[in-house]
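Chain and residue survey
Below are the chains, spelled out letter by letter.
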Amino acid sequence: MTQAPMDRAAGAAPHSGRAAEGRGFDEALAEARRSVRWLAGALAVFVVALLLARLRASLLWLAAAPLLFAAIELFTLGRTLGRLSAARRAEAHAQAARTAAAEAENQAKSRFLAEMSHELRTPLNAVIGFSEVMAQEVLGPHANAAYRDYAQDIHASGRHLLALADDILDLARIETGHRQVLETAVNLGALAQDCAHMMRLGAAERDITLIVTLNARPRLWADERAVRQMVLNLMANAVKFTPAGGTVELFVDSDAEGAPFCAVEDNGPGLADAELPLALSAHHRESRLDPASGQGAGLGLAIVRALAQMHEARLDLTERATGGTRATLSFPASRALAAAEGTTPTPLLAAE
């Protein structure tokens, strides 16, 4: 009965502490401003008293009172400024403590996800292996053909869960700083063609045409495995949300400053207005817009964003005027290497 009020009180404690700190600082600031106004008034009275003393020397004693008052206000102002400085330091320390606590909580969450994903892999591999043996009837035919279908479903579900565990583990490694970047010279055009070839069968199953357009063949200094993963994730996301008979096109080029970039365009349902500009957080597009397959942990774009940040790159998602979505992965010009020329578009059909 009293648990909920206690939880609310516990949750409100940090906020009330920050509010008290804010009130203390505001009160000290108001007092300092008041002291400055009184000090200015006392000095003005002192100047008037001096002017009167020039007219009549016997009135010089009138300057003593505002001078004494100004000295008292100056002392008060010094103490108030000390309180202001202490309040500012306390606020800075509290903010640093809150930031450290948030970072520690995020690190703990990432470690938990990494450990959970690692623990899931062992039983999932066993499920996948045994279900494949049963689906292929390695030890003999099933008495009931439905068992083979069930084993195939178990095998497909196990592989899907394993892919999700791999995504969670990969994202946790990136967030905890355990993902190492091994940078080499990468031919972005050749890598794009390899990624399109890897996606060819998946696109063909959904009757989707893949097109690779190499307006340039830029080379950049980056982690080839990470760049490949980013391009594959963007292409897989585009294929997932493109209806049958649609088209997914991968562009590779360099901008006017020589910065290499690649873009993936699809003619799927596109993004809702509420999703632009895209926050690129987990469980964003993939978890909402794939009712056909029901797949997607919502981590693909989050992994791309994290890997892009490791390369000082930027991921932008925009809605195309003709329908669909354009995902652009832009690398900084400082990572560009000497690029080979090439302007011939290279179509790659999914049916091939």
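Summarised in this report is the structure supplied together with it. Note that the coordinates shown come from a computational prediction; the quantities given were computed from them, not determined experimentally. (Residues numbered from 1 in each chain as written. Predicted model: local features only at pLDDT ≥ 70, side-chain atom pairs only at ≥ 80, totals over all residues. Heavy atoms only, no water.)

**Describing the environment of Ala40**
Cut-off, in case you're wondering: Think of it this way: any DSSP run of H or I at least four residues long counts as a helix, any run of E at least two long counts as a strand, and we number them from the N terminus.
Relative to the helices and strands, Ala40 is located in helix H1 (residues 3–55). C-alpha of Ala40 to C-alpha of Glu73: the two residues are 33 residues apart in sequence and 9.7 Å apart in space.

**As for the packing of aromatic side chains**
We count it as follows: For Phe, Tyr and Trp, where Trp contributes only its six-membered ring, two rings pair if their centres lie within 6.5 Å, and the inter-plane angle classes them as stacked under 30 degrees, edge-to-face over 60, or tilted in between.
For the coordinates displayed, the defined rule picks out 1 aromatic pair. Ring centres of Tyr147 and Tyr150 lie 6.5 Å apart, and the angle between their planes is 55°; this geometry places the pair in the tilted category. Taken as a pair, Tyr147 and Tyr150 lie in helix H3 (residues 145–175) at a separation of 3 residues, close to a single helical turn.

**Concerning the side chain of Ser131**
Formally: In this scheme, a residue with accessible area under 20% of its type's maximum is buried, one over 50% is exposed, and one in between is partly exposed, where area comes from a 1.4 Å probe on protein chains only. Any pair of residues with heavy atoms lying within 4.5 Å of one another is described as a contacting pair.
By the element assignment, Ser131 lies in helix H2 (residues 64–135). Judged by relative accessible area, Ser131 falls into the buried class, the value being 4%. If near-sequence neighbours (up to four positions away) are discounted, Ser131 is found in contact with Ala151, Ile154 and His155.

**Quick look at the packing of helix H4 (residues 188–205) against helix H5 (residues 224–240)**
The following threshold applies: Note on definitions: angles span 0 to 180 degrees between N-to-C directions of axes, and those axes are lines fitted to C-alpha atoms, for helices only across the stretch in contact. Oblique is the label for every angle not falling under 35 degrees (roughly parallel), over 145 degrees (roughly antiparallel), or within 65 to 115 degrees (roughly perpendicular). Note on convention: the crossing is left-handed when the near helix lies turned anticlockwise from the far helix by less than a right angle, right-handed when the turn is clockwise. Residues are grouped as follows: Ala, Val, Leu, Ile, Met, Phe, Trp, Tyr, Cys and Pro are nonpolar; Asp, Glu, Lys and Arg are charged; every other residue, Gly included, is polar.
Two elements in contact, H4 and H5, have axes separated by 10 Å at closest approach and are oriented at 40°. By the angle between their directions, the pair H4 and H5 is classed as oblique. Viewed along their axes, H4 and H5 form a crossing whose handedness is right-handed. In this structure, H4 contributes Leu188, Leu191, Asp194, Cys195, Ala196, Met198, Met199, Gly202 and Ala203 to the contact, and H5 contributes Glu224, Val227, Arg228, Val231, Leu232, Met235, Ala236 and Val239. Its residues assigned to classes, the contact of H4 with H5 comprises 13 nonpolar, 1 polar and 3 charged.

None of the figures reported here should be taken as evidence of function without further support.
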